[in-house]
Amino acid sequence: MSAFDELLAFQRQTEALSSVAERLGWDQETVMPRGATEQRAEEMAAMEAVLHERRTDPRLGEWLDQAVPEDDEDARIIELIARDFRRASRIPARLAMELARQTSLAQGVWAEARAKDAPEDFLPVLNDILMLKREEAAALADGGDLYDALLDDYEPGATQAQIARLFDAMRPRLVALREDVLGADYQPEPLTGHFPQETQLRLARTCATAFGYDWTRGRMDIAVHPFSSGRWQDSRITTRVVETDPFNCLYSTIHEVGHSSYELGIDPDYAFTPLGRGVSMGAHESQSRIYENQLGRGRAFTGWLYQRMSDAFGGLSLPDADAFYATVNRVTPGFIRTEADEVQYNLHIMLRFDLERDLIAGRLDVEDLVEAWNARFLRDFGVAVDRPANGVLQDVHWAVGLFGYFPTYALGNVYAGCLHAALRAAVPDLDEALARGEADPAVEWLRENMQRHGGLYPPRELIERATGAEVSEQPLLDYLEEKFSAIYRL
Ligand code: ZN
């Protein structure tokens, strides 16, 4: 066997084991008996230990040195395995274990502190995690920028300087649009009523089908926080139900269908190789966002959904499809990122991006974080945070060590804006299909131009190949201004 074949065979098993580990996580969040928490923690830790050993196996270094690629795909496989090997080898085993232990502990501490609105219970633990993450960043950065080293895990090739420039260009137009919208004379009505769980779930399945979700390789279950999990022949989604707010269930379902369909849309030849997964968190979020927002919250699709929901629930509190479209896209002041509308969402990300850069750089101490968060929120959103659960304690990310992750949400929105502009140009009569509840033309275009490539191209290059244009914030901002000016009659 050639070194490349050895490398590929070894990697294949690692990929299979890592897929099993992910399935354990899915099981834990959906159907695992509540009493099995400790057993599952030990099972997952054992899997992680095996995986860590494989990812740092010295034979990888030898094969990587000797492997000769035959084509671009081989070369990219070698590049991706080498990248993971380098990163895994730079982190001392003691640090990896300490991080795993602290973050799994911190998750519980965070949840309790949030429930009790007691940041003082969580901040000391967060400080421990921050110190470990800085140590990890230093090991990975090898003299380079600490934040960039962490960001690279989620969005390979991106830098904080690049993202800061992007955000600086976005902020003034987003702030101006939000002010116009919130100050407009016309304000859409909220949807009111009671929406039974079973009916919501049935509609959610209908929506997933409308977006081409492959039920022969997927399934849908209920979880506290919706997520998608798995790839190749098995990628599952979860959703949640709030009986006063059906949009929560329907749009988180469409969002997760976007993530899941990306994985299912990858060239099957790439299965069990590093090419067989979404290439970055930003690329992933571009799929979930374009499914959910540009397509799912568009006028054409919501016209179809209005009819479906009226039939299913025996009438709605809104008079017609236009009012329904406005309600689906309603912009309201609020503290919570995950509930934010398209206009304000990226502003929530910018706040977190700046604060976490300061934490990692040592410019901000954890003990001053609550004050910094509240001051920044007041400045950016014009409202004072009323309680820590609505402020610094709302997201789990930092508790589980995800520093450098937040900006990928906004990058995903920017990529989705670029893809949407290209998609509209390529499929001019898309709305006719969406109005019939058929997203197929959009889904096929995305699969062909983006999803099937998996990890073959770096994220930015992938988007630029798909759209034929440089990545820019322009298409997203143009789309938002046009859409919300029309809805709010500005
Ligand atoms: Zn997502």
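This report concerns the structure included in the present document.

Reading guide: rules and limits
- Residues numbered from 1 in each chain as written.
- Predicted model: local features only at pLDDT ≥ 70, side-chain atom pairs only at ≥ 80, totals over all residues.
- Heavy atoms only, no water.
- Helix = DSSP H or I, 4+ residues; strand = E, 2+ residues; numbered from the N terminus.
- Rg over C-alpha atoms; globule rule 2.2 N^0.38 Å.
- Buried < 20%, exposed > 50% of the residue type's maximum accessible area, 1.4 Å probe, protein only.
- Axes fitted to C-alpha atoms, helices over the stretch in contact; angles between N-to-C directions.
- Parallel < 35°, antiparallel > 145°, perpendicular 65-115°, else oblique.
- Left-handed = near helix turned anticlockwise from the far one by under 90°.
- Contact = heavy atoms within 4.5 Å.
- Nonpolar A, V, L, I, M, F, W, Y, C, P; charged D, E, K, R; others polar.
- Pairing = 2+ DSSP bridges.
- Donors = N, O, S within 2.8 Å, 3.2 Å for Na, K, Ca; no water.
- Polar contact = N/O pair within 3.5 Å; in protein donor to acceptor, adjacent residues only side chain to side chain.
- Expected span 1.5 Å × (residues − 1).

## Side note on the overall build of the protein chain
Piece 1. The helix and strand inventory of the protein chain stands at 20 helices and three strands.
Piece 2. In terms of overall size, the protein chain behaves like a compact globule, its C-alpha atoms giving a radius of gyration of 23 Å where 490 residues would be expected to give roughly 23 Å.
Piece 3. Expressed along its principal axes, the backbone C-alpha trace of the protein chain runs to roughly 65 × 50 × 50 Å.
Piece 4. Classification of the 490 residues of the protein chain by burial places 54% in the buried group.

## Remarks on unusual backbone geometry
Piece 1. Unusually for a residue other than glycine, F272 sits at a positive phi of about 65°.
Piece 2. Checked against the element boundaries, F272 lands in the loop between α10 (246-265) and α11 (281-295).
Piece 3. By relative accessible area, which is 26% here, F272 ends up partly exposed.

## Here we look at the packing of α10 against α11
When two helices pack together, their arrangement is given by the angle between the helix axes and by the axis-to-axis distance.
Piece 1. Relative to each other, α10 and α11 sit at 135°, their axes nearing to 7 Å. Judged on the interaxial angle alone, α11 and α10 are oblique. Viewed along their axes, α10 and α11 form a crossing whose handedness is right-handed. Taken together, the residues of α11 that come into contact with α10 (itself represented by Y251, I254, H255, V257, G258, H259, S261, Y262 and E263) are A283, H284, E285, Q287, S288, R289, Y291 and E292.
Piece 2. In terms of residue class, the contact of α10 with α11 is built from six nonpolar, seven polar and four charged.

## Concerning the pairing of strand β3 (residues 234-239)
Piece 1. Within β3, six of the six residues are buried, which leaves it mostly tucked inside the rest of the structure.
Piece 2. What you see with β3 is no split at all: D234, R236 and T238 on one side and S235, I237 and T239 on the other are buried throughout.
Piece 3. With three bridges joining them, strand β1 (residues 220-222) and β3 adopt parallel strand pairing. Its bridge partner being in β3, D221 is matched across the sheet by T238.
Piece 4. In this antiparallel pair of consecutive strands, strand β2 (residues 228-231) and β3, the connection spans two residues, and W232 shows a positive phi of 65°.

## Quick notes on the environment of A340
Piece 1. Within the fold, A340 resides in the loop between α13 (321-328) and α14 (345-361).
Piece 2. Here A340 is in contact with Y345 and H348, once residues within four sequence places are set aside.

## Things to note about the coordination of the zinc ion
Piece 1. Within the protein, the zinc ion binds to H255 (NE2), H259 (NE2) and E285 (OE); these donor distances fall in the range 2.1 to 2.3 Å.
Piece 2. Read from N- to C-terminus, the donor residues coordinating the zinc ion fall into the pattern H-x3-H-x25-E. Residue H255 is found in helix α10, and its partner E285 is found in helix α11; the two are separated by 30 residues along the sequence. E285 carries the same exposure label as H255, and that label is buried.

## Considerations on the side chain of H397
Piece 1. Along the chain, H397 turns up in the loop between α15 (369-381) and α16 (407-426).
Piece 2. Of the polar contacts made by the side chain of H397, one reaches the side chain of Y409; its length is 2.8 Å.
Piece 3. Setting aside residues up to four positions removed in sequence, H397 forms contacts with R337, L402, Y405, F406 and Y409.

## Concerning the sheet that holds β2
Piece 1. Ordered by their spatial adjacency, three strands build an open sheet running β1-β3-β2, and the pairing between neighbours is mixed. Only two strands of the sheet have a single neighbouring strand rather than two, namely β1 and β2. Ignoring strand direction, the axes of neighbouring strands in this sheet form an average angle of 20°.
Piece 2. Where helix α1 (residues 3-30) meets the sheet, it contacts β1, β2 and β3, and its direction lies at approximately 25° from that of β3.
Piece 3. Each of β1, β2 and β3 is contacted by α10, which is oriented at about 165° to β3, the strand it contacts most.

## Observations concerning helix α20 (residues 474-487)
Every α-helix carries 3.6 residues per turn, so stepping three or four residues along brings you back to the same face.
Piece 1. For α20, spanning 14 residues, the distance from its first C-alpha to its last is 20 Å, which sits close to the expected 20 Å at 1.5 Å a residue.
Piece 2. Of the surrounding secondary structure, the elements contacted by the buried residues of α20 are α8 (160-182), α11, α13, α14 and α16.
Piece 3. After α20 finishes, the residue R489 shows a positive phi value of roughly 55°.

Read these as geometric descriptors, not functional statements.
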